[in-house]
Amino acid sequence: MSVQSPISSVNDFVVRFANVNGSGSASANELFARSILRHGVPVSPRNIFPSNIQGLPTWYEVRVTEAGHLGARGGVDLMVAMNPQTWDKDVASIEPGGYLFYDSTKPMPSSKFRTDITVIGVPLTAITNSTYTDPRQRQLFKNIIYLGALCALLDMDPKLVEQLIGEQYKGKEKLLSSNVHALHLGRDWALQNLKYPIGLRVKKSDKVGERIFIEGNSAAALGAVYGGATVCAWYPITPSSSVAEAFTSHCKKLRHDPETGKAKYAIVQGEDELASIGIVIGASWNGARAFTATSGPGISLMTEFIGLSYFAEIPAVIMNIQRAGPSTGMPTRTQQCDIIACAYASHGDTKHVLLFPEDPAEAFEFAAQSFDLADRLQTMIFLMLDLDIGMNHRLCRPLKWDDARQYDRGKVMTAEMLDEPGRDFGRYLDVDGDGIPYRTYPGTHPTKGSFFTRGTSRDRYARYSEEGAIYADNMQRLVRKFETAQDMVPRPLQANAAKPTKYGVIYFGSTSPAMDEAIGLLEARGHQLDRMRIRAFPFHSSVASFIADHDFVYVVEQNRDGQLRQLIVNENGIDPVRLVPILHYDGTPITARFIANAIGDHQDHLKVTPLRKAVS
Amino acid sequence: MTYIAKPKFQHPGLPKNELGYTHRDYEGKVSTLCAGCGHDSITASIIEACYELSIEPHRVAKISGIGCSSKTPDYFLGNSHGFNSVHGRMPSVLTGANLANRDLIYLGVSGDGDSASIGFGQFAHSIRRGVNMTYIVENNGVYGLTKGQFSATADRGSKSKKGVINTDNAIDLVAIALQLGASFVARSFSGDKSQLVPLIAAAIRHKGAAFIDVISPCIAFNNHAGSTKSFDYVREHNDAVNRLDVLTGRDPITVEYAPGTVQVVEQHDGTRLALRKIDADYDANDRLAAMTFLQKHAAKGQVVTGLLYVDPDAEDLHAHLDTVETPLNTLEAKDLCPGSAALEKINASLR
Ligand SMILES: Cc1ncc(C[n+]2csc(CCOP(=O)(O)OP(=O)(O)O)c2C)c(N)n1
Ligand code: SF4
């Protein structure tokens, strides 16, 4: 086994840090990722953390990728093993020929190492203990010391790391100099005692360009600021809390009246999700743009109100940062598992608009757009992120805003309009045939335009009625409205394979970067696939035609039951046999390797077994 | 049709208030509640109070949960927007509405099932946040709409119409509102219009969370012997701490108070509450004393009515959040959107 030669790669490898939660490693690890970005080399980092605050294992993975593959790759080339508890598992996850970096202060028996990897020991504890006396300092600076050592081993430019530390501790000279000192301690020790650089190296490049590095939750929150949201009500839940926290901090910087210093927004941490969505619905009913951010369990609690929003036609925005369910499931792991729960949330016949951004840039755009959509359609809009986009930094195109853009408040009747001769206001009248009625804000007019909002059946003039025909008429109009929505929501994006093919693939949301990479891997295996990225529900008519144009279509998603596939089958009346589910649901982000293997194996199988046209 | 519209005819001789509105301008649809339901009397008191205060009806937003009581907003202020939301969640909807537009008057109507059971949390949190509202619970000790089950305000030992004895302790919403920091707390009785009307008027004038618990007998399910929320029981056990008139700073609406027995309370908006003290020692500005007073009388089986506590310097949620004076729902893109230049800076900071 020892004949395995060490992996040699420039700007294309995976480093994983294994730490103990609460050891202060997060900022050092993020600094590592950012330093590589400053070399002009794209990175794709991921937090892998337990649903616990202190003491349990946590990992941070940095995919260094000159080619710009932003999905998870799988496998580890360099393991920075700082957690004795997970040692065996961590060592086992290293690719053959890979590297193990560890704290060699206490000698380890050789049985604890593998023979097909390169082991790099740095006496981190010894170095820190001889330099610092304060226990907290010892812990924190140990992280910076291993960062310094990695700098030497990977041939990174220490100036770029120092520059980042400088930006981080701007104005805090003491912290700045002590961090730089620790960085040098690690680097100098490595330069003096180790063979450097190793086979993995970072070389300056120019592949990052104008792109920015941001978490999806922060981008979505910024989208809410730009989209004109003034009321946010929320209840803490992982992985969505950082949306509300980011909205708060963005608003503090961007939304205070310059003259009075007063806030042009209201943020309430509700007592629970029921209150949060109630506040959102009350605010939206009264003409403000309002949203909440939550995750699966919160959606479950909100469903009664979601039904009210649908039936009483009150705009609202829910940002659902999905995590692995059902129930508490795996609260800090990613999935795309609330598709059905959100599409049909609440009792009775309901359907809701869902948006599926692929990355932070789209999360920003869709978040801003969701407020226009909610107002125009007078209904609930779900922005469906997941933990993988929401809580990880992603490299994405810069955020853009057109200053000429006005908010589209939809069909709102003003006092002047109500006074127009011959104008008939009926809250639920379908004046334009698109299923969307006019509304008025409370307080609009002394004698005209008021109405009573209720979740109970009513006629077109909002008068309580339980007559069957009147109820059915209203329900039919709601269907028309949902059809109208099809052309308002973001359309699916389609890309054809290099060569004509009978096979297609459908995917959505955070699967995007892995899919981009998987297509290349599949091509290399001789498989051509046309692809379609779905960006919203209701589905645009092109989804059905894409499926009709192919013998069959793979549907790739991150849940057990193929929820998007179910929705497509259900809504478009498609023969389920034509849609092949490719499912990944262990809570880790889907990888290109997984997709390529699953689709590739299926395709290989087809080559030997002719497809029977109709499978029963 | 399953609704009843009120005929539009107005008698030309009807008295008008300062704004030129008549009583009819404050009415809504014809009630579909049982004839004699206490809730209808509360509706009448709300109409009276709004008329007397010369409120523009359309400047009121009336919000409720689910229940017979929660249906009542349809029966008053026909020219204002109403919202019959979901069971127990009136307070959150009202909070959101209030955040969106601080310039309207918010009237929350709820039942004891709505507020003391399913919505107990929302009741508590809206009070503790100091939402500027008048929160009225039409308290009949039962679930009216679902036909007579005990609610959480039913007294221990009281008897249901079916003869079942309630073995659970009762929640006293007034005691809880006091404890949670409501800045205006009152209790009244649906049958005592002369007390209730000024209480509602004062609550509307109050800036902050105003809570009024109104005992409102359900004649269908809770007006029998053995009930502690029946007309007869409440009449016999009522102990009013004060009577109150509202002075708007202009002409007093009623002048029915005797000099020397009046306690004047300055409100935040400059209006003054004149309390006619029945109990010579009662101080409506002392929260602790109010709590003790309430408990002492409850132990004697007495229902204390009147204005129990008011904080004339109360602040509301908007003050806590330090929001702009302009209603948030009127802000436009130019006020809210930081624009592309700011976004460029943000982009630059993320590289
Ligand atoms: C989620 C939910 N649970 C139960 C009900 C059924 N329900 C309707 S009204 C009501 C109780 C109303 O009691 P209360 O608030 O005291 O009002 P009242 O009818 O006595 O005025 C209940 C339980 C409902 N509408 N929604
Ligand atoms: S059932 Fe009771 S609460 Fe409901 S309307 Fe009749 S009397 Fe009123």
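Residues numbered from 1 in each chain as written. Chains lettered and ligands numbered in written order. Predicted model: local features only at pLDDT ≥ 70, side-chain atom pairs only at ≥ 80, totals over all residues. Heavy atoms only, no water.

Examining the packing of aromatic side chains
Residue and element names in this part refer to chain B.
In step 1: What the rule picks out here adds up to 26 aromatic pairs over all chains.
In step 2: Seen from their ring centres, Y282 and F293 are 4.7 Å apart, and the 65° between their planes marks the pair as edge-to-face. In this pair, Y282 is assigned in the loop between β12 (272-277) and α9 (287-299) and F293 in helix α9, connecting sequence segments 11 residues apart. Just as Y282 is buried, F293 falls in that class too. (Phe/Tyr/Trp six-rings, centres within 6.5 Å; stacked < 30°, edge-to-face > 60°. Helix = DSSP H or I, 4+ residues; strand = E, 2+ residues; numbered from the N terminus. Buried < 20%, exposed > 50% of the residue type's maximum accessible area, 1.4 Å probe, protein only.)

A closer look at the side chain of R535 of chain A
Residue and element names in this part refer to chain A.
In step 1: Secondary-structure assignment places R535 in the loop between β20 (530-534) and β21 (536-537).
In step 2: For R535, a relative accessible area of 15% puts it in the buried group.
In step 3: Within the local environment of R535, its side chain forms a polar contact with the side chain of E362, the two groups lying 3.1 Å apart.
In step 4: Every residue in contact with R535, bar those within four places of it in the chain, is listed here: L354, L355, F356, E362, F366, P490, R491, P492 and L493. (Polar contact = N/O pair within 3.5 Å; in protein donor to acceptor, adjacent residues only side chain to side chain. Contact = heavy atoms within 4.5 Å.)

Some thoughts on the packing of helix α1 (residues 25-38) of chain A against helix α5 (residues 158-168) of chain A
Relative placement of two packed helices is described by the angle separating their axes and the distance separating the axes.
Residues and elements named next belong to chain A.
In step 1: Contact geometry of α1 with α5 gives a least axis separation of 9 Å together with a crossing angle of 125°. Between α1 and α5, the angle falls in the class oblique. The handedness of the crossing between α1 and α5 is right-handed. Together, S27, L31, R34, S35 and R38 of α1 and L160, V161, Q163, L164, I165, E167 and Q168 of α5 make up the contact between the two elements.
In step 2: For the contact of α1 with α5, the residue count by class is 5 nonpolar, 4 polar and 3 charged. (Axes fitted to C-alpha atoms, helices over the stretch in contact; angles between N-to-C directions. Parallel < 35°, antiparallel > 145°, perpendicular 65-115°, else oblique. Left-handed = near helix turned anticlockwise from the far one by under 90°. Nonpolar A, V, L, I, M, F, W, Y, C, P; charged D, E, K, R; others polar.)

Brief notes about the site of ligand 1
In step 1: As a structural note, the neighbourhood of ligand 1 is formed by 18 residues, with C68, S69, G113, D114 and G144 of chain B the closest of them.
In step 2: At ligand 1, the nearby residues belong to more than one chain, namely chains A and B.
In step 3: The backbone of D114 of chain B places a nitrogen or oxygen atom 2.8 Å from an oxygen atom of ligand 1.
In step 4: Considering ligand 1 on its own, with 580 Å² of exposed area, one finds that the protein chains cover 77% of that surface.
In step 5: Going through the elements one at a time, α2 (68-71), α4 (112-118) and β5 (142-143) of chain B are the ones with two or more residues in the shell around ligand 1.
In step 6: Within the shell around ligand 1, the residues separate by chemical class into 6 nonpolar, 9 polar and 3 charged. (Near = heavy atom within 4 Å. Areas by Shrake-Rupley, 256 points an atom, 1.4 Å probe, with all protein chains shown as cover.)

A short note on the confidence of the model for chain B
Residue and element names in this part refer to chain B.
In step 1: When the pLDDT values of chain B are averaged, the result is 88; 86% of them are 70 or greater.
In step 2: Residue range residues 249-278 is modelled with pLDDT below 50. Its contacts to residues more than four positions away, or to other chains, number 84 contacts.
In step 3: Taken over the whole predicted complex, pTM reads 0.94, whereas the ipTM for its chain interfaces reads 0.95. (pLDDT = per-residue confidence, 0-100.)

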